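Residue-level listing of the chains:
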Amino acid sequence: MPWIQNLKTHERTQPMKKIYGIILALIILVIAWNFFGPKKFHSHPEKEFRFVIASEPPTLDWSLATDNVSADILFNLMEGLIQFDSDLNVKPALAERWDISSDGKRYTFHLRSDALWTDGKPILASHFVDGWERLLNPKTASDYAYFLFDVKNAKEYNAGKLTDFDTVGIHAQDDHTLVVDLWHPASYFLKIPFFWVTFPIRKDIIEQFKDAWTDPKNIVTCGPFRLKEWKHDYSVTLEANPSYYGEKPKISTATAYIINEDSTALSLYDTNKVDLIRRIPPLLISHYKNLADYKNSPFLRGYYYGMNVKKKPFTDSRIRKAFSLAIDRSQLSTILQGNQIPTSSWIPKGMFGYDETIGLKFDKEKAQLLLAQAGYPKGEHFPSIKMVYDTRDDNKIIAEFLQSQWKEHLNVTVSIDNQEWKVHLKMLETNPPELWRLGWGADFPDPDNFMNLFTSYSGNNHTQWKNKEYDQLIEEAAKELDSQKRLTLYQKAQHLLTEEDVPIIPLFIDSQNVLLKSYVKGYTLNPMSNNILKNISISKND
Amino acid sequence: MNTLWSDAFKTLSKNKPALLSLFFIIFIILVALFANLLAPYGYEIQNPSQRLMFPNRTFWMGTDILGRDLLSRVIYGSRMSISVGLIVAICSLIVGTLYGSLSGYVGGKIDNLLMRIVDILYTFPSLLLIILIRVIFGQGLFGIFLALTIVGWVDVSRIVRGQVLQLKEMAFIEAARAVGVKNRFIIFKHILPNILGPIIVTLTFEIPAAILSESFLSFIGLGLQPPFSSWGSLANDGFQAFKSFPHLIIFPGFSIFLTVLAFNLLGDGLRDALDPKLKNA
């Protein structure tokens, strides 16, 4: 009885069709609303600033933090003794003034008396002493303890040779006077207390809450903002701190969204979900360059490939030199398109000691000659080696560029591998491969911060390269107050690092490529890319 | 036998989409084979001064961010994609056929055990398995072959087992057994030739599946490492800039699309042609 079946299906499909119709109409309505509906739908509160950070901040405990992401938050929650203006001149912060003794060894910081913690207690010199003790305490195991090694007995205390902190040259003379004694005069020492590891701490809070002291409900800070909310792996929200001693921020909240894909961040920016992003993938930069929102400014950051000098074939300095000589770095600026400056030396442009003449410039014949002398004429029988970078779009492009340069100029095949940032760092600490990528950004604007990196005692030197002459030059330069003599010392050290022994291949000096909405005013791009939000304001007049 | 294959070919030649697909596949395979003769430039030759050009007379498909000719890269990419597709499909076919026919022919407890192993592999999330194998065997080509084969042979073994189960109850097999023909001989001489049709159909579906899987792996960054590139990794490179430089994703994307479509249409046509039940339908 086919007609009965037909009837049944007919009855069933009729109401179904109606439901589909209604659903379709709804979908069309929603889409139409999105396109043509009132634009206020997407707007956000006037005084909220939204930006992007590349990962979850590993920690907000400023004695332990070592990375840029934590710093993006910490520089707004806290302040140090001094701060920098946009041209990197030293300005007072928690210290309203300071005296330096005539021999350059004693620094006396006079603290502001009106500065308060968020729980209402005044900031005392002893809070700085506590903070510096915690940084140097061997139990804290901070990577950045060596920042204070110019201070009397600090290295010994950190090594556990001295147990009485009173012997270390850091004392609170009274509630508002901090005295620091150095082993030797150090021209850059005044710039160090800008760095987050030197911020004061509240020992009572840390002891009370233990590891949970950085939770929003426990943390006590003293900067222009305070921590309002921390949704792990999603966002960190800051709000203006009403007890801040200085001018109060003009925005009420600042939210950092944790987004690790650059292209995702870009599309959020395009759809007005965030107001600031600070990295643009090279493939897209030419598209955004013409926008009024695009800002470009210099950056004290070096991009380099390191070589493991304990691993063959890079045990031979001739091969290391050949690899550095075989790169035509001038092409990097064409590829990257963000005003990056190709460099063969290590101290970045904009910093004392920059010298573009130092380093191994592109020289194909010399590179081939050195490779032949090392036993691989025309790259024959060269062992298989690997270069490893941390997964990021620009790193991939640069790795492919280097691979083809070495293939073309040396006839050497290098295989490429990539891994996540945390895995990458771990591998560099335990067993670095033959070739690996890293960058180094200035913690404070002094060449010591860059050159110190490759000393034999630096925890961040993954090349396994240890050179006594280099160590000595860096130590001497740190003490030297005469800038001409200091410059000569750094030139010698740079020669050694990038021309003679060559444990690293410097590639270019990075630049800041930023997209900032035009309604945000007062955001400064300082050459250390410090994310300082206290001066910004948002004015939407449309 | 002869009539079966000639009948099949007749049916296939009447199926225009399948025939067209067959020609397209032959064309792509020829391109892959003679990539070094066809490509106007080397796949890894960089020229940053000519970066990110749109398709023009010198660069028919434009250039990428390092100034490499996209047409050459797509041509060389076909080599990677097609060889991954073919090798993975053939490997899974061999493993799956042997496994499936053994399981089906022997039967009983062994069949039960072997099929439970297949079930376990089936329930295991394949992407997870692939990532695991890639981590152990590194990022080379071998790792991709192995990972995709391990995931791919499972389907084949099930199909083959089903076919064998059906066949072994048939009179001519029983007759062979009764005369005392060795089991190995029965499997290779009597059973396998009779299930060749379904096996070939499976092959034509396994190849595009492997090509797609490889593209997907390369797209999420688990595939080939530079300077080698497949269509998937090319699409991944161009993906971000699809607004400003659409050519970077359109050409490799369409290559994947057309090839996979062609294999699927051909597979459909072959199934219609080789399945006796559908004959004269």
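Residues numbered from 1 in each chain as written. Chains lettered and ligands numbered in written order. Predicted model: local features only at pLDDT ≥ 70, side-chain atom pairs only at ≥ 80, totals over all residues. Heavy atoms only, no water.

Let's talk about the nonpolar core
Part 1: Residues F49, W196 and W346 of chain A are the most contacted members of the largest nonpolar core, which totals 114 residues.
Part 2: If near-sequence neighbours (up to four positions away) are discounted, W346 of chain A is found in contact with G302, Y304, W440, F450, M451, L453, F454, Q494, L497, T498, I504 and P506 of chain A.
Part 3: F382 of chain A together with A32, Y43 and V260 of chain B belong to the second largest nonpolar core, which has 90 residues in total. (Core = buried A, V, L, I, M, F, W, Y, C linked by side-chain atoms within 4.5 Å. Buried < 20%, exposed > 50% of the residue type's maximum accessible area, 1.4 Å probe, protein only. Contact = heavy atoms within 4.5 Å.)

Some points on the pairing of strand β12 (residues 294–307) of chain A
Regular strands have side chains that alternate between both faces of the sheet.
Residue and element names in this part refer to chain A.
Part 1: The buried fraction of β12 is high, at 11 of 14 residues.
Part 2: Relative to strand β17 (residues 504–516), β12 runs antiparallel, the two sharing 10 bridges. Bridge pairing in β17 places N296 opposite N513.
Part 3: Sheet topology note: the β12/strand β16 (residues 435–441) ladder contains seven bridges and is antiparallel. Opposite G306, over in β16, you have W436 as the bridge partner. (Helix = DSSP H or I, 4+ residues; strand = E, 2+ residues; numbered from the N terminus. Pairing = 2+ DSSP bridges.)

Points about the packing of aromatic side chains
Part 1: This structure, assessed with the given rule, holds 38 aromatic pairs over all chains.
Part 2: Arranged with centres 5.5 Å apart and planes meeting at 90°, the rings of F147 of chain A and F444 of chain A form a pair that is edge-to-face. Separated by 297 residues along the polypeptide, F147 of chain A in the loop between α3 (125–136) and α4 (154–159) and F444 of chain A in the loop between β16 and α13 (447–451) bring together distant segments of the chain.
Part 3: Residue class for F444 of chain A comes out buried when judged on its relative accessible area of 2%.
Part 4: Seen from their ring centres, Y304 of chain A and W346 of chain A are 5.1 Å apart, and the 80° between their planes marks the pair as edge-to-face. With Y304 of chain A in strand β12 and W346 of chain A in the loop between β13 (341–342) and α10 (364–373), the pair connects residues that are 42 residues apart, well separated along the chain.
Part 5: Among the aromatic side chains, those forming a connected cluster through ring pairs are F75, F84, Y144, Y146, F147, Y188, F194, F195, W196, F199 and F444 of chain A.
Part 6: The residue whose ring lies beneath K517 of chain A is Y269 of chain A, and the NZ or CZ to ring-centre distance is 3.9 Å.
Part 7: Positioned above the aromatic ring of Y122 of chain B, the side-chain terminus of R158 of chain B is 4.3 Å from the ring centre. (Phe/Tyr/Trp six-rings, centres within 6.5 Å; stacked < 30°, edge-to-face > 60°. Lys NZ or Arg CZ within 6 Å of the ring centre and 35° of its normal.)

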